Amino acid sequence: MNTTTSIEKKSSRIEGPDGFIYVEDQGTGNNVPVIFLHSFGGSLSHWEKQIDHLRDERRIVAFDFRGHGKSDAPASGDYSVKGYAEDVAAVVDSLGLDRFILVGHSQGGAAAIAYASEHPERVAGLVLAGTPGRSLPEQSKPIIQSLESDAYQKVMDDYMKTLLTGAKPEVNATVSKDFRAMKRNAAIPIIKAMFEYDPLPALNRYTGPKLIIATPNEKKMPNSLQNQVKEVEAKTIEGTSHWTQLDKPEEFNKMLDVFL
């Protein structure tokens, strides 16, 4: 098993399946490495508190998904969950990582599930924060129709307002800035792909350790993952927005430590 570590932060652009991917690789120690996967409209910067917390004891890798942050938009226009899982594969293969833990937030959680189901022998564990479950067509169809109409901006603004309810001011500012950089021609296919993806069969195929971290509001949502997979341990962080790892990093990190 390759657990070679890097002490100083190294940034690079690796060749992905559909454009170059921006990667940061840092940390030290012989523990199993951790790969952090960000949410829709986000970037690897959303994991800074967790990276700072863990990098003295294990190797940490975080990267920007295709069409996000400093990574290229996909040349083919492929924003599917399968495509994001292929980004994970490209990064870990490029770095020579044989076995690792995946920590994914929202869209990043879906990509983690998709990758783990195809490569279970390489994934030592899954931490899924704010990750959606299966969506029914009657739930997703009217949302997609409104996004494809002239009401796009209002729908997106309302959506982000809901997700950011309870956010600290600095978290609201960080997330909003990243989100404003997301173009409509990328946002709509990403949201469509997330609605179309059913993570339940893939999550059932992966039999390794799993943890779901959610907020009370997420637990009330009809497509909540923790409500659809009762057999997976789920923990709740109170009083945060959708970005639990940013609003309450100490509490999130404690849960992560226990899992690790």
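All values derive from a computational prediction rather than experimental measurement.

Student: Before we go on, may I ask you to explain the layout of surface pockets in this structure?
Tutor: In this approach a probe as big as a water molecule rolls over the atoms, and the regions it shows empty are the leftover space. Of the volumes computed, that of the largest pocket is approximately 750 Å³. Taken together, 36 residues line the largest pocket, and the ones lying closest to its centre are Pro132, Tyr159, Leu163, Phe195 and Asn223. Elements with a minimum of two residues in the lining of the largest pocket: strand 6 (123-129), helix 4 (137-147), helix 5 (152-163), helix 7 (184-196), strand 7 (210-214) and helix 10 (225-228). The element best represented in the lining of the largest pocket is helix 5, accounting for 6 residues.

Student: When you look at the packing of aromatic side chains in this model, what are you seeing that I'm missing?
Tutor: To describe a pair of aromatic rings, one takes the distance between the centres and the angle between the planes. Here the structure, examined in full by the defined rule, presents 6 aromatic pairs. Aromatic pair Trp47 and Phe252: ring centres 6.0 Å apart, planes at 55°, arrangement tilted. Within this pair, whereas Trp47 is found in the loop between strand 3 (31-37) and helix 1 (48-54), its partner Phe252 is found in helix 12 (residues 249-259), the two being separated by 205 residues in sequence. We classify Trp47 as buried; its relative accessible area is 0%. For Phe252, a relative accessible area of 0% corresponds to the buried category. Joined through ring pairs, the aromatic side chains of Phe36, Trp47 and Phe252 make up one cluster.

Student: In this structure, what is going on with helix 4? I would like to understand it.
Tutor: For an α-helix, 3.6 residues make a turn, and residues three or four places apart therefore share a direction. Of the positions making up helix 4, those classed as buried are Ser140, Ile144 and Leu147. All buried residues of helix 4 lie within an arc of 60° about the axis, which places them on one face of the element. Helix 4 presents Glu138 and Lys141 as exposed residues on the side facing more than 90 degrees away from its buried surface.

Student: Would you take a moment to explain the pattern of salt bridges for this structure?
Tutor: Applying the stated criterion across every chain yields a total of 12 salt bridges. Put simply, Glu24 and Lys9 hold a salt bridge, and the shortest N to O gap is 3.8 Å. With Glu24 in strand 2 (residues 19-27) and Lys9 in the segment before strand 1 (10-16), the pair connects residues that are 15 residues apart, well separated along the chain. Here Lys235 ties to Glu233 by a salt bridge, and the two come within 4.0 Å at their closest N and O atoms. Each of the salt bridges in this network shares a partner with another, and the network as a whole consists of Asp18, Arg66, Asp78 and Asp87.

Reading guide: rules and limits
- Residues numbered from 1 in each chain as written.
- Predicted model: local features only at pLDDT ≥ 70, side-chain atom pairs only at ≥ 80, totals over all residues.
- Heavy atoms only, no water.
- 1 Å grid on protein atoms, 1.4 Å probe; cavity = no way out; pocket = protein on both sides within 12 Å on 5 of 7 lines; lining within 4 Å.
- Points joined across faces, edges and corners; volume = space filled by probe spheres on them.
- Helix = DSSP H or I, 4+ residues; strand = E, 2+ residues; numbered from the N terminus.
- Phe/Tyr/Trp six-rings, centres within 6.5 Å; stacked < 30°, edge-to-face > 60°.
- Buried < 20%, exposed > 50% of the residue type's maximum accessible area, 1.4 Å probe, protein only.
- Arc of directions from axis to C-beta.
- Salt bridge = Lys/Arg side-chain N within 4 Å of Asp/Glu carboxyl O.

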